[in-house]
Amino acid sequence: MGGSGENSDQGAPTSQELREMALAELRESESVRVHALSQIRDWISKHPDIKHCRTDSPFLLRFLRTKKFSVPQAQEMLERYLIIRQMYPKWFHKLDVNDPAISEILDSGYLIPLPERDSDGRKVIISCAGKFDPVKHSSTEMARVHSLVVESLMDDPENQIRGYTYVNDESGLTMGHICLWSFNDIRNMLRCIQNSTPMRHKSTHFINIPSCANKVFDFISSLLSDKLRKRFMIHSTLDDLKKTVNPKILPKEYGGEVPLADIIADYKKELQSRREELLALDDLEIDLNSILDRRSKYTIDLVDEPLNGISGSFRKLEVD
């Protein structure tokens, strides 16, 4: 059940600035961190349904920091994280940079974390919808690329403390992209992102949203928490985005200094170096039948129920 490296210093803030931020924003001190890690490890060891789980500090701190060191809330999120990985293996398993489809989507520049942080020190993930081929690739492959990228980032203590900024260029988004997803898949994916993925989503920027996607974005927005919805920013132009996000950190194609191809090549080298670690996530195991049979208040909403009687895909939407 255990994981390697249970030293409480692993995952500790790496600078005085980070320590101060962790204390101010997350209520984290060394004593709080050590005690919380001990509590959550003890809980994992006694959990009747958890069969295998990492117990190293960087992994567990994902959940503790996201939940500001509320151990019960971190335990709930960890349980949900393990559940969704088994409920939706097509989205969360086999995160392999050597998978031909994943490798090709990464090479296209569809989704990439940037090497430089933003002015708040946050990790920036940029998505370029038009670079994803909806004829050649499926929504499952799209989801697995997203899962691979975020799993490669979530153990970093600076990312855990500072959080993430997202830049989404929707130019080139077509009904072909939109129709890849059913209503229920969108609902389930948003549940996974909001309640089961240990990330501090700090700001999300959109540019170049085509009119055909307006109703889809309204639908997605209606499913988000108020907190996340308030962190959405829609920019009419790239120049408008640059007023908020320093263009120097963006790829050269967006006014930065490093070509996108170079950023992708360096990131894929990192993924190669961590390939076995990322594939080992498939060893995480929880007794899904047992935990869903108990229908706890924490997991009852994960059962796949119709979305207010709506079924089907976005093909049925009337678009502008």
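Refer to the structure presented above.
Note that the structure is a prediction, hence the values are computed from the model and not measured. (Residues numbered from 1 in each chain as written. Predicted model: local features only at pLDDT ≥ 70, side-chain atom pairs only at ≥ 80, totals over all residues. Heavy atoms only, no water.)

(A) Highlighting the side chain of D56. Position of D56 among the secondary structure elements: in the loop between strand 1 (50–52) and helix 3 (57–66). With relative accessibility at 7%, the residue D56 sits in the buried group. In this structure the side chain of D56 is engaged in a polar contact, spanning 3.2 Å, whose partner is the backbone nitrogen of F59. (Helix = DSSP H or I, 4+ residues; strand = E, 2+ residues; numbered from the N terminus. Buried < 20%, exposed > 50% of the residue type's maximum accessible area, 1.4 Å probe, protein only. Polar contact = N/O pair within 3.5 Å; in protein donor to acceptor, adjacent residues only side chain to side chain.)

(B) Just helix 2 (residues 30–46), in detail. Over its 17 residues, helix 2 runs 25 Å from end to end, which matches the ideal 24 Å to within 8%, given 1.5 Å per residue. Those residues of helix 2 not exposed but buried are R33, A36, L37, I40, R41, W43 and I44. Buried residues along helix 2 cover an arc of 160° about the axis, so they all sit on one side. Facing away from the buried side of helix 2 by over 90 degrees, the exposed positions are S31, H35 and K46. Check the buried side of helix 2 and you find it contacts strand 1, helix 3 and helix 4 (71–87). (Expected span 1.5 Å × (residues − 1). Arc of directions from axis to C-beta. Contact = heavy atoms within 4.5 Å.)

(C) Layout of the packing of aromatic side chains. For the structure shown, the criterion picks out nine aromatic pairs. Seen in terms of ring centroids, F59 and Y81 are 5.9 Å apart; in terms of plane orientation they differ by 65°. Their pairing is edge-to-face. Taken together, the residues F59 in helix 3 and Y81 in helix 4 connect sequence positions 22 residues apart. What makes Y81 buried here is its relative accessible area of 3%. For the pair W91 and W181, a centre-to-centre distance of 6.0 Å together with 50° between the ring planes defines the contact as tilted. In this pair, W91 sits in helix 5 (residues 89–92) while W181 sits in the loop between helix 9 (175–178) and helix 10 (183–196), placing the two residues 90 residues apart along the sequence. A relative accessible area of 0% places W91 in the buried class. Judged by relative accessible area, W181 falls into the buried class, the value being 10%. Here a set of aromatic residues connected by ring pairs shows up, and it is made of Y88, W91, F92 and W181. (Phe/Tyr/Trp six-rings, centres within 6.5 Å; stacked < 30°, edge-to-face > 60°.)

(D) Representation of the nonpolar core. Among the nonpolar cores identified, the biggest contains 90 residues, and F59, L64, L78, Y81, L82, L106 and I112 are the most heavily contacted of them. Looking at this core, the element that brings in the most residues is helix 4, giving eight residues. Excluding its chain neighbours within four sequence positions, the residues that come into contact with Y81 are F59, R62, F63, E151, S196, P198, L281 and L284. (Core = buried A, V, L, I, M, F, W, Y, C linked by side-chain atoms within 4.5 Å.)

(E) Spotlight on the pairing of strand 4 (residues 164–169). Burial within strand 4 is extensive, with six of its six residues counted as buried. Along strand 4, one buried face is formed by Y164, Y166 and N168 and the opposite face, lined by T165, V167 and D169, is buried too.

(F) Layout of the packing of helix 6 (residues 100–108) against helix 7 (residues 139–153). The contact between helix 6 and helix 7 brings their axes to 10 Å, and the two run at 75°. Relative to helix 7, helix 6 is oriented roughly perpendicular. Mapping the contact onto sequence places A101, I102, I105 and L106 in helix 6 and E141, R144, V145, L148 and V149 in helix 7. Partitioning the contact of helix 6 with helix 7 into residue classes produces seven nonpolar, no polar and two charged. (Axes fitted to C-alpha atoms, helices over the stretch in contact; angles between N-to-C directions. Parallel < 35°, antiparallel > 145°, perpendicular 65-115°, else oblique. Nonpolar A, V, L, I, M, F, W, Y, C, P; charged D, E, K, R; others polar.)

(G) Region of the structure containing unusual backbone geometry. With a phi angle near 65°, R27 is a residue other than glycine that sits in the positive phi range. Relative to the helices and strands, R27 is located in the loop between helix 1 (16–26) and helix 2. The backbone phi angle of N208 is positive, close to 60°, even though this residue is not glycine. By the secondary structure assignment, N208 is in the loop between strand 5 (201–207) and helix 11 (214–223). Judged by relative accessible area, N208 falls into the partly exposed class, the value being 32%.

(H) Representation of the pattern of salt bridges within the structure. Under the definition given, this model contains 21 salt bridges. Counted as one network, the salt bridges with shared partners bring together E17, R117, D156, E158 and R162. (Salt bridge = Lys/Arg side-chain N within 4 Å of Asp/Glu carboxyl O.)

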